[in-house]
Every structure is written in C-alpha cells, then in structure tokens.
Amino acid sequence: MIADKRSLTRLFPIALVALPPLLGLGYALSASLGLSGVANGGLTLQYLREVIASHTTWAAVGWTLWIATASTVFATLAAVLLAATFRAESTADRIGRMVAVLPLPIPHVVAALASLLILGQSGLLSRFANTAGMFSTPAQMPPLVYDRLGIGLIFALVWKEIPFLALIAFTVLKSRGGLLEESARSLGANRLQTFLYATWPVLWRGMLPGVVAVATFVAGSYETAALLAPSRPLALPLLTMERYTDGAMELRPDAFVLAGFSLLVSLAAVAIYGAMIARAENFK
Amino acid sequence: MAIVGCALLLSACNKDRAENGNRGAIARLPWADVVSLARGSTVTWRMWRGDPSVNAYVDCWVAPRLMSDYGISLRAVEGQGPEIVNQLVVERQARARGVADLVWINGETFHNLRAADLLWGPWASRLPNAAALDSSSSIVMRDFEQPLDGWESPWGRVQFALIYDTVRTRHPPHSFAELKGWITKHPGRFTHDQQFTGVAFLTGLMYSLSGGAEKFEGGFRRALYDTASARVFGWIEDVRPDFWRSGRDYPLGVAEMHRLFANDEIDFTMSYNQNEVVTKIRQGVLQPTAHALVIADGTLANAHYVGIPFNAPNPAGAMVVANFLLSPEAQYEKLRPEVWGDGTVLDAAKLTSALRTRFESLAADPHAVPPAELARHAVPEVAPQYREHLAADWKRLVRERAP
Amino acid sequence: MWTALPISVLVFSSFGEGWFYPRLLPTHWSTAAWGELVGDRRLLRSLVISVWLALLTGGAASILGFEIGRRVSRIAVPLRYFALTAAFIPVAAPPLALGIGLQYFVLRAGLGGTLTGVWLAHSVVAIGYTTVYFIGVFAVFDRRVEEEARSLGASPLVTLARVTLPLHRRQLAEAFLLGFLVSWAQVPLTLLIGQGAVESLATSVMSYAHAGQDHLASVAGLLLTLPALVLMGLVGSSIRRLAVATV
C-alpha cells in the first residue's frame with residue numbers, strides 16, 4: 001500500500017528535480033577518490049587524508065559552524081520577537097509586518113556590499129562615531145568586517161534571514177497560534193506564561209524546518225563570505241573556492257572533497273527536514 | 001537525455017579534430033590571409049576587468065577600431081591568471097568547446113600554461129607590428145625569465161610602486177631599511193595584500209635583502225631561495241607586530257588596500273602599475289593628495305602579454321587583435337595618463353620620427369614618478385618559481401601562524 | 001530604519017564622489033557612476049543578461065514546478081513526503097558545491113561559458129523551489145473540480161488546460177517570481193558555469209566590490225535590488241502562501 005507501483009512511477013518527475021544535485025554529489029565524491037577530475041590517477045584516499053589532516057579544513061568547518069549557528073540563533077530570536085509584537089490586525093501591526101519582510105527579495109550580495117560600506121573600520125558607523133567624538137582614527141573602531149568573530153558577516157546574514165524567518169513566524173502564529181493561546185488564557189495564564197507554554201512551542205515547531213533551512217543556507221553562502229569574511233580563519237565556501245581555482249592544479253582534488261562534504265551535509269539536513277515535516281503533519 | 005548527451009559528445013569530438021587541423025594551418029598562413037579569415041568574426045578576450053580605465057580603453061577605443069578596420073567584434077570578459085589556467089585544464093579534461101580566443105597573462109600564468117601545454121602557438125613572431133618591439137629589453141622579451149618563443153605577444157609594461165599621501169606622510173621612506181624604521185615609528189599604518197601585488201612587494205624585499213636582483217638570475221635555485229626567503233620572513237617577523245591589525249589580518253587584494261589607504265586606515269598602498277595612482281585619483285578611488293613612490297633599492301618592472309589558448313575557437317581573429325594592440329597608435333593611446341598610463345613595449349627608435357616625437361612628448365602626470373627615475377630603479381623579474389614559493393610559504397609561515 | 005539604512009548607503013555611494021573617511025556625506029554629488037551604465041557597456045550588458053536569465057529561469061521553473069508538483073500531489077501520503085524531501089535537495093545544496101560538482105557535465109555538453117549552461121544551472125536550483133511551492137499548493141487544491149470536468153468527458157489534457165491551469169494563474173505568477181529571484185540573485189553558479197563569459201548583474205557587484213570600485217558596485221547593487229523589490233511589491237501579499245508551503 002505504501003509503495004505501490006503507481007506511486008513509484010509517479011515519483012519519476014521528482015527525479016528530474018533531485019537528480020542534478022545528486023549527480024553533482026556523485027561527481028564530487030568520485031573526484032575526491034581520484035576516480036575522475038583532473039588528477040584521476042585511480043582510486044585513492046590520498047585527497048581525503050590530505051583534507052582531513054589539514055588544520056585549515058577544521059578551522060574552516062568550525063568557523064563556518066559558528067557563523068551559521070550565531071546568525072540562525074539571532075535571526076530566529078528576532079523573528080520570534082517580531083511575530084509576538086506585530087500580531088494584531090491593526091494598521092500599525094500590518095505595516096510592521098510588511099517592513100519586517102521587506103528585505104526578503106534583496107540579494108545576499110547586495111546586503112554584503114552594504115554591510116561592507118557601513119561596518120568597515122572606515123565605514124559609515126565608524127564615521128558616525130568619529131563625528132560623535134568617540135574615535136579619531138579608523139583604527140580605533142573595532143574591526144567588524146574581515147574580523148575573527150565575523151561580526152559584520154553575521155550582521156549581513158541576520159539582516160537577510162530575519163525577513164524569511166519572520167514571514168514563517170507570522171504565518172505560523174496566524175494559522176495555529178490562536179486556539180492554544182485562547183485556551184491558555186482562559187485557564188488563567190498571564191502573558192508570560194501564555195507565551196512560554198502556548199505561543200513558543202507552536203512557533204518553534206512551525207519554524208523549525210525554516211530554521212534548519214536558514215542554517216544550511218548560511219553555512220554554504222559564498223558571496224557574503226567573499227565580501228565580509230576574514231582570511232584567517234577562512235570560511236568553508238571560500239576555502240573550497242580557493243582550492244578549486246588553485247593555479248597549479250595540485251589542490252583541486254581537495255576542493256572536490258570539500259564540495260562533496262558540503263553536499264553531503266546539506267543532504268543530511270534535508271533528511272532531517274523530511275523527518276520533521278512528517279512529524280509535524282502528525283502533530284496537526 | 002542520454003541520447004542527446006552522446007550526440008553532443010560525438011559532435012564535439014569531431015569538431016575538435018577539425019579545429020585542431022585548422023589551427024595548425026592558420027599559423028602558417030600569410031598575414032593577409034589571416035586578416036581576411038578573421039573578418040566578420042568575434043574574438044572573446046579573457047582579461048582582468050576590475051579597472052574601469054582599462055575597460056574603457058578596451059571597450060571604447062580598441063573595440064570600435066577593430067570593428068571598423070578589421071570587421072572584428074571584440075568581446076572582453078572577466079578572467080584572471082589562476083582562473084584561466086583552471087578553466088583551460090577543466091575544458092581539456094572534459095573535451096569541451098573552447099570559450100576564450102585571447103587571454104591576458106604574464107609570469108606564473110604563462111609558466112603554468114606552458115607547462116601544461118595549454119597554449120596555442122607559436123604565433124607571435126608572425127605579427128607585422130612585432131617588428132617595432134623593443135627586442136633589446138629583457139623586461140619585454142623575457143617573461144619572468146622565460147623566453148617568449150612566440151607563445152605570447154607583449155602588450156604593455158609596468159613598474160611596481162608604493163603609493164602614499166603627500167599630506168599625511170611628509171617624509172616617506174625611500175628604501176626598505178627606511179621603510180622598516182618608518183613602520184616601527186608608525187605602528188598599524190602599513191600592510192601588504194595577499195595576492196599578486198603583495199607577493200611583488202615580498203619579492204622586491206627579497207632582492208634587496210640578498211644584495212640585488214642579479215643574484216637571482218639564471219633559473220630557480222632551491223638553496224638560494226631558502227636562504228633568501230629566510231631573510232625575508234625574518235624581516236617580516238621583526239616588523240609584523242607593527243603592521244596593520246598587528247599583522248594578524250591582511251587585505252585580500254590591492255583593491256582592499258586602496259580602500260584602506262583612501263579611508264585613512266593605512267598610510268601606504270601599492271600597485272604594480274606606477275601610473276595607477278593617476279587613474280585611481282581620476283576614478284575617485286584615491287584621494288587627490290596621493291602620490292607614487294619607488295623604492296631606491298629597486299622595484300620590479302615587468303611586462304604583460306596576450307596569449308592564445310590551445311582550444312581557441314578563433315585564433316586568426318585573436319592574432320589580428322594582438323597585432324592591433326601592438327600598433328603604435330594603440331600603444332600610444334594606452335600610454336596616455338588620462339587613458340591608462342600603461343608603458344609601451346615598442347622601441348621608440350624603431351618608429352617613424354613623427355611617431356617617436358609623440359611618444360617622447362607624452363609628459364608624465366605629476367602624481368606619478370618621472371620616467372627617468374623609474375628606469376633608474378627598474379629591476380627585472382626572475383624565474384616564476386621564486387614568486388610561487390614565496391606566495392605559498394607566506395601563506396604557510398605568516399598568514400597561518402598567529403603572532 | 002534597519003531596513004532602509006543599507007539601501008540608503010548604496011544610494012549615497014552611487015551618487016557621491018569623494019566619500020572618504022571621516023566624511024558622513026560625500027564631498028559632492030554626481031551622476032558619473034550612473035553614467036557608466038551608458039558609457040561602460042559592461043554594466044548594461046550584465047543587466048540585460050541578468051534579466052534574460054531570470055526570465056528564462058522563472059519560466060522554466062514555474063512550468064516544470066507546476067507540472068511536477070501536480071503529479072506529486074497524486075501520490076499517496078507517506079511516499080509524498082519522500083517526494084517533498086527530494087524536491088528540497090536542490091534548494092538545500094550550497095550553490096558553490098553544486099557548481100563544482102556539475103561543472104564537468106556542463107563542460108562535457110559544450111555549454112561551459114554559455115548563457116544556456118548558466119540558465120540550466122540556475123534552473124536546477126529554481127525548480128527545487130517551485131516544486132516545493134507547488135506541492136504545497138496542490139496539497140490544498142480541491143480535486144473535485146478536475147474530477148467533475150473529467151466526468152463530463154474532458155480528456156486529461158483539456159482538463160489541464162481549461163480547468164487546472166486557469167485556476168492557478170496567480171500561483172504560476174508567484175512561482176515565476178520565485179524562479180526569477182533565484183536566478184536574479186545567484187552568484188556562485190554564474191561564476192563557475194559562466195566562467196566569466198557570462199557576467200550577471202549579481203556577479204558584477206562582487207567583481208566591482210573586489211576591485212575597490214565602490215561607486216560602480218553600488219550602482220550595480222541598486223540596479224539589482226530595485227526590480228526585486230518592485231516585483232515583490234506587485235506579487236506581495238501572496239508571498240505569505242510561499243511560507244505556508246514550507247510550514
């Protein structure tokens with residue numbers, strides 16, 4: 001019943017969608033093992049070993065994880081806050097919701113450029129501080145771009161991801177929030193309790209798929225890192241690109257290892273997402 | 001879909017064989033035939049497109065003339081050294097159609113392309129305008145100590161220079177020794193970039209610390225490199241704490257350095273083209289108080305070239321374009337400070353007296369360095385392996401290690 | 001303010017000259033950078049390429065997404081989640097890694113550095129988005145309208161053309177917008193598959209920024225942003241439906 005023949009044939013169209021990325025993953029993996037690509041000298045674990053042994057790889061993975069986590073956490077919290085604040089149907093609330101979602105169509109590369117101009121040590125923020133008498137030279141302004149913590153990068157990513165998560169939060173709250181909250185209120189809960197025990201769980205469960213999506217996206221984002229990230233530690237997308245375009249061709253297989261790794265991780269995230277929505281359906 | 005794929009593959013293979021046969025023949029044709037073969041065709045030129053002045057020269061001066069004089073449609077697209085090598089390798093491996101007809105290259109890129117047999121040629125000696133080349137200049141006729149042998153055609157020449165601000169820095173240093181002292185006295189106001197220009201700075205430093213560029217001529221010698229680079233990295237480690245951001249972070253490329261310099265974060269920037277300061281002031285990237293400076297210990301002078309990839313779809317067109325670029329008119333226009341300020345590879349003595357006067361009367365912009373002074377401190381490039389190793393070792397020993 | 005500030009900075013940078021530290025405002029204003037739009041054909045060409053790519057991607061993605069989403073919705077429930085998950089794969093795949101994995105195939109097909117190749121690459125990602133969208137749309141679609149048409153004797157094709165498609169006009173428009181935006185903002189895929197021969201507006205922003213040409217980068221950035229905002233505004237309130245599909 002679950003997988004009858006008709007349903008299976010119906011899955012073919014989906015293959016058109018899923019096949020190209022899987023093909024890409026396949027090629028990346030086979031190139032990592034030396035089976036294809038420029039350095040195809042036959043099956044070898046050499047490149048895998050090189051990448052795993054390299055300190056730069058782990059620094060990149062760790063740093064990218066940090067960026068992904070920090071951006072997602074901030075964006076989620078902000079989205080939740082916005083959703084809780086602009087709940088009603090009043091004009092003010094509607095405008096608030098619209099403004100919150102406004103940056104949604106703005107491309108990441110533009111957000112990165114603007115962040116560069118604003119948050120650089122000689123950027124707009126620093127000049128405001130200079131005018132206000134706080135700093136007199138750009139060097140006194142703490143570095144927010146090309147910096148160790150990736151603050152400028154996190155800022156740009158958060159700015160772009162809040163609209164997406166906020167939109168989801170608004171929708172979730174609108175479609176599912178009401179009932180549970182009313183019950184909580186009628187049972188005598190105050191505002192905080194209502195939020196903690198009725199609103200938040202509903203929001204969280206509804207947003208979770210989106211949060212996973214955002215985290216995956218942020219981790220793989222190339223253009224934002226290219227404009228705002230430091231050279232050490234090097235972000236994973238930047239490291240991958242650097243290896244891929246290495247002039248002497250020696251480091252290219254490493255790029256395939258890293259690319260294959262990124263694709264596998266995203267596949268895992270998709271699988272987790274799949275499990276989550278299946279459960280969410282049951283929850284409904 | 002599989003059938004379509006196979007069909008495409010087969011057609012590509014056949015086309016490849018046909019094109020290779022044709023390409024060989026083109027190299028032997030008389031010039032007039034090459035020109036007529038190229039008429040009405042499109043030439044795709046992969047070059048660095050990061051400078052609007054260069055783009056304006058290519059798109060708005062060169063391209064229209066190619067169209068009116070030769071019927072060639074020039075299409076300049078973005079592509080730099082390592083990308084070009086990478087692309088050609090991948091294209092060869094996938095037996096794919098070539099995209100670029102002409103590529104703007106020099107030094108390490110030329111070395112890598114030749115080593116991997118990715119260039120088409122030899123062809124450059126067949127260009128009529130090559131007769132006026134400054135063939136006595138080792139800077140023009142040898143690319144990082146490699147003979148051209150007709151595998152690339154010279155296009156322009158430049159010299160490395162520092163750029164400083166005349167208002168902020170009233171007494172700039174003129175040698176590496178003075179620079180070291182200046183850095184110590186002005187902590188956090190100097191750095192170099194991670195790419196091409198930064199490595200040029202390190203190379204110049206290497207020459208200076210080892211007693212001159214002559215010591216490095218005659219091919220790559222491992223032992224010499226090891227001692228020389230040790231001195232370089234020793235020098236760096238000494239001044240590193242006084243670098244910008246305490247030497248922990250470095251701007252990615254020269255553009256970021258210009259930005260830092262213009263916005264008063266550092267007091268020096270660098271350029272491979274001593275005239276860049278002129279064009280950058282005009283573009284509003286640098287402030288008008290900027291000025292170029294050559295280090296008395298010697299600054300690197302090198303030439304840049306154009307080459308034709310092994311799988312170029314239109315080599316005849318590419319040859320015509322390369323020849324046009326060598327014409328005195330094109331070289332003169334390029335030399336003008338209001339246009340690009342890129343040095344000429346032609347020998348003025350080989351030109352007609354009218355043309356010669358035009359070249360010589362081209363006054364240098366006050367922001368740049370006078371040509372005589374430039375020539376006095378010019379130092380040639382040596383084997384590319386020195387730079388490649390310096391770059392790799394810098395990443396390993398300096399960038400990756402926290403101070 | 002939060003939303004407007006980044007855009008205003010770009011506006012200032014594109015119209016300003018001599019905007020160095022510590023000035024809060026440019027030394028003087030000029031339209032020189034915008035003039036480059038006409039003068040330096042690079043900007044204009046990248047704009048045209050971006051528009052063309054985005055239109056083609058939106059078209060392909062919306063049509064294919066519609067059809068695939070429609071078929072998937074006929075699959076029984078447990079397997080349907082598998083399909084939905086599979087549709088997410090191109091959405092979640094980091095474009096850079098995806099480009100690295102696919103470049104070989106694109107080159108093999110002779111499409112490297114061509115508009116077609118870049119369009120296909122963009123579409124691979126965009127189809128994921130639109131398929132997910134339409135799976136959600138068809139999940140709440142009341143089949144009975146189709147069934148009635150069939151019971152009246154209409155063939156499947158006629159039903160599709162005369163009943164289903166017209167009912168989904170707005171959704172098709174939204175999916176088109178979705179595909180359009182995916183292509184419009186794409187950077188790594190264009191870089192890897194286009195190999196510099198295909199320069200989109202988005203990659204030119206990066207290119208200018210990396211070359212230190214902040215004024216031109218801002219012009220390109222604004223050119224990239226404004227149409228996106230306008231289009232969003234036009235299809236605006238229905239964007240909420242997109243969120244429903246993922247929730």
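Coordinates for the structure precede this section.
Residues numbered from 1 in each chain as written. Chains lettered and ligands numbered in written order. Predicted model: local features only at pLDDT ≥ 70, side-chain atom pairs only at ≥ 80, totals over all residues. Heavy atoms only, no water.

Participant: Explain the interface of chain A and chain C here, please?
Facilitator: When the parts of a complex come together, some accessible area is lost, and that lost area is often taken as the interface size. Contacts between chain A and chain C engage 76 residues on the former and 76 residues on the latter. When chain A packs against chain C, the two sides together hide about 6,800 Å² of surface, and 81% of this comes from carbon and sulfur. Our count for the contact surface shared by chain A and chain C stands at 0 salt bridges. For the interface between chain A and chain C, the tally reads 2 residue pairs in polar contact (both at pLDDT 80 or more). If you tally residues by element for the side of chain A that touches chain C, the top one is helix α12 (residues 252–283) of chain A, at 13 residues. When grouped by side-chain class, the residues that make up the side of chain A that touches chain C number 52 nonpolar, 17 polar and 7 charged. (Contact = heavy atoms within 4.5 Å. Buried area = accessible area lost by both parts, 1.4 Å probe. Salt bridge = Lys/Arg side-chain N within 4 Å of Asp/Glu carboxyl O. Polar contact = N/O pair within 3.5 Å; in protein donor to acceptor, adjacent residues only side chain to side chain. Helix = DSSP H or I, 4+ residues; strand = E, 2+ residues; numbered from the N terminus. Nonpolar A, V, L, I, M, F, W, Y, C, P; charged D, E, K, R; others polar.)

Participant: It is not clear to me how the pairing of strand β6 (residues 152–159) of chain B should be interpreted in this structure. Could you clarify?
Facilitator: Remark: a regular strand shows side chains that alternate across the two faces of the sheet. Residues and elements named next belong to chain B. Taken across its 8 residues, β6 has 7 buried, putting it largely inside the fold. Across 7 bridges, the pairing between β6 and strand β10 (residues 299–307) is antiparallel. If you follow Arg157 over to β10, its bridge partner there is Ala303. (Buried < 20%, exposed > 50% of the residue type's maximum accessible area, 1.4 Å probe, protein only. Pairing = 2+ DSSP bridges.)

Participant: Explanation requested: helix α9 (residues 169–184) of chain C in the structure shown.
Facilitator: Since there are 3.6 residues in each turn of an α-helix, residues three or four apart along the chain are aligned in direction. Taking 1.5 Å per residue, 16 residues should reach 22 Å; α9(C) reaches 22 Å between its end C-alpha atoms and fits that length. The complete set of buried residues in α9(C) reads C:Gln171, C:Leu172, C:Glu174, C:Ala175, C:Leu177, C:Leu178, C:Gly179, C:Phe180, C:Leu181, C:Val182, C:Ser183 and C:Trp184. (Expected span 1.5 Å × (residues − 1).)

Participant: Would you mind going over the interface of chain B and chain C with me for this structure?
Facilitator: With 37 residues of chain B at the interface, the matching set in chain C holds 29 residues. Overall, the association of chain B and chain C removes approximately 2,800 Å² of surface from exposure, summing both partners, and the carbon and sulfur fraction of that is 48%. In terms of surface lost to chain C, no three residues of chain B exceed B:Ala94, B:Arg259 and B:Asn263, which account for 15% of the buried area on that side. In this structure, the connection of chain B to chain C is made through 1 salt bridge. Among the ionic pairs, B:Arg259 bridges to C:Asp214, the shortest N-O distance being 2.6 Å. In this structure, the connection of chain B to chain C is made through 7 residue pairs in polar contact (both at pLDDT 80 or more). Among the secondary structure elements, those contributing two or more residues to the side of chain B that touches chain C are α1 (2–26), α3 (52–70), β2 (73–78), α4 (81–93) and α10 (254–262) of chain B. Broken down by element, the residue count for the side of chain B that touches chain C peaks at 5 residues, all from α3(B). In terms of residue class, the side of chain B that touches chain C is made up of 16 nonpolar, 8 polar and 13 charged.

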